[in-house]
Amino acid sequence: MFLVNGSPVATQARCPHAQGPLHQGEVCGTVLTCPWHGWSFDLVTGECEEDPDLLIKRYDVAVDGNDILVSQLSA
Ligand code: FES
């Protein structure tokens, strides 16, 4: 899970490039960079900078008391 403009966003854990640990990537602004080969994904749109045909799945996250609610965003 990452903070994007102050809002939590969850993504798929594996990178769509070669299944690297995307959840361990670094975020700069709205861009998430995969630690294996450095491909970058926009956390707002899901788009990959290196391959426009690749999208990551993103999820809205909300906290309701002790519950964390996750819903899938449309691609
Ligand atoms: S596995 Fe993520 S960039 Fe290659």
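Within an unreviewed UniProt entry, the label attached to the chain reads Ferredoxin, and the organism entered is Sphingobium cupriresistens LL01.

> Would you mind showing me how to read the environment of Leu 55 here?
Summarising the element assignment, Leu 55 is placed in the loop between β5 (40–42) and β6 (58–64). For the pair Leu 55 and Arg 14, spaced 41 residues apart in sequence, the C-alpha separation works out to 12 Å.

> Can you help me understand the nonpolar core in this one?
Generally speaking, soluble globular proteins have nonpolar side chains that are buried together. Grouped together as the largest cluster of nonpolar side chains are twelve residues: Phe 2, Val 4, Val 9, Cys 15, Leu 22, Leu 32, Cys 34, Phe 41, Leu 43, Cys 48, Leu 54 and Ile 56. Cys 48 has contacts with Trp 39, Ser 40, Phe 41 and Leu 54, leaving out every residue within four places of it along the chain.

> What is the right way to look at the sheet that holds β5 in this model?
Backbone hydrogen bonds hold the strands of a sheet together, and the pairing may be parallel or antiparallel. Here three strands make up an open sheet; going across it, the order is β3-β4-β5 and the pairing antiparallel. Each of the sheet's edge strands pairs with one partner strand only, and the pair in question is β3 (26–28) and β5. Sheet twist, expressed as the mean angle between neighbouring strand axes with direction ignored, is 25°. With three bridges connecting them, β3 and strand β4 (residues 31–33) associate as antiparallel partners. The residue of β4 that forms the bridge with Cys 28 is Val 31.

> What's the story with the sheet that holds strand β2 (residues 7–11) in this structure? I'm lost.
With antiparallel pairing, four strands are arranged side by side in an open sheet as β1-β2-β6-β7. Two strands bound the open sheet, and with one partner strand each, they are β1 (2–4) and β7 (67–72). Here the average twist between neighbouring strands, direction ignored, is 40°. Examined bridge by bridge, β6 and β7 share six bridges and lie antiparallel to one another. Paired with Asp 60 across the two strands is Ser 71, which belongs to β7.

> Looking at this structure, I do not really get the UniProt feature "domain: Rieske" (unreviewed entry) in the chain. What am I missing?
Summarizing the sequence annotation, UniProt attributes the feature "domain: Rieske" (unreviewed entry) to residues 1–70 in the numbering used throughout. In the segment residues 1–70, helix accounts for 0% and strand for 40%; the C-alpha atoms at its two ends are 10 Å apart.

> What is the right way to read a nonpolar patch on the surface from this model?
On the surface, a nonpolar cluster with roughly 310 Å² of combined accessible area is contributed by Val 63, Ile 68 and Val 70. Within the element layout of this structure, Val 63 appears in strand β6. For Val 63, a relative accessible area of 64% translates into the label exposed.

Conventions we followed
Residues numbered from 1 in each chain as written. Predicted model: local features only at pLDDT ≥ 70, side-chain atom pairs only at ≥ 80, totals over all residues. Heavy atoms only, no water. Helix = DSSP H or I, 4+ residues; strand = E, 2+ residues; numbered from the N terminus. Core = buried A, V, L, I, M, F, W, Y, C linked by side-chain atoms within 4.5 Å. Buried < 20%, exposed > 50% of the residue type's maximum accessible area, 1.4 Å probe, protein only. Contact = heavy atoms within 4.5 Å. Pairing = 2+ DSSP bridges. Axes fitted to C-alpha atoms, helices over the stretch in contact; angles between N-to-C directions. UniProt positions renumbered as here; feature names shortened; annotations may be inferred. Patch = residues over 30% accessible without salt bridge, like charges linked within 9 Å, V, L, I, M, F, W, Y side chains within 5 Å. Areas by Shrake-Rupley, 256 points an atom, 1.4 Å probe, with all protein chains shown as cover. Salt bridge = Lys/Arg side-chain N within 4 Å of Asp/Glu carboxyl O.

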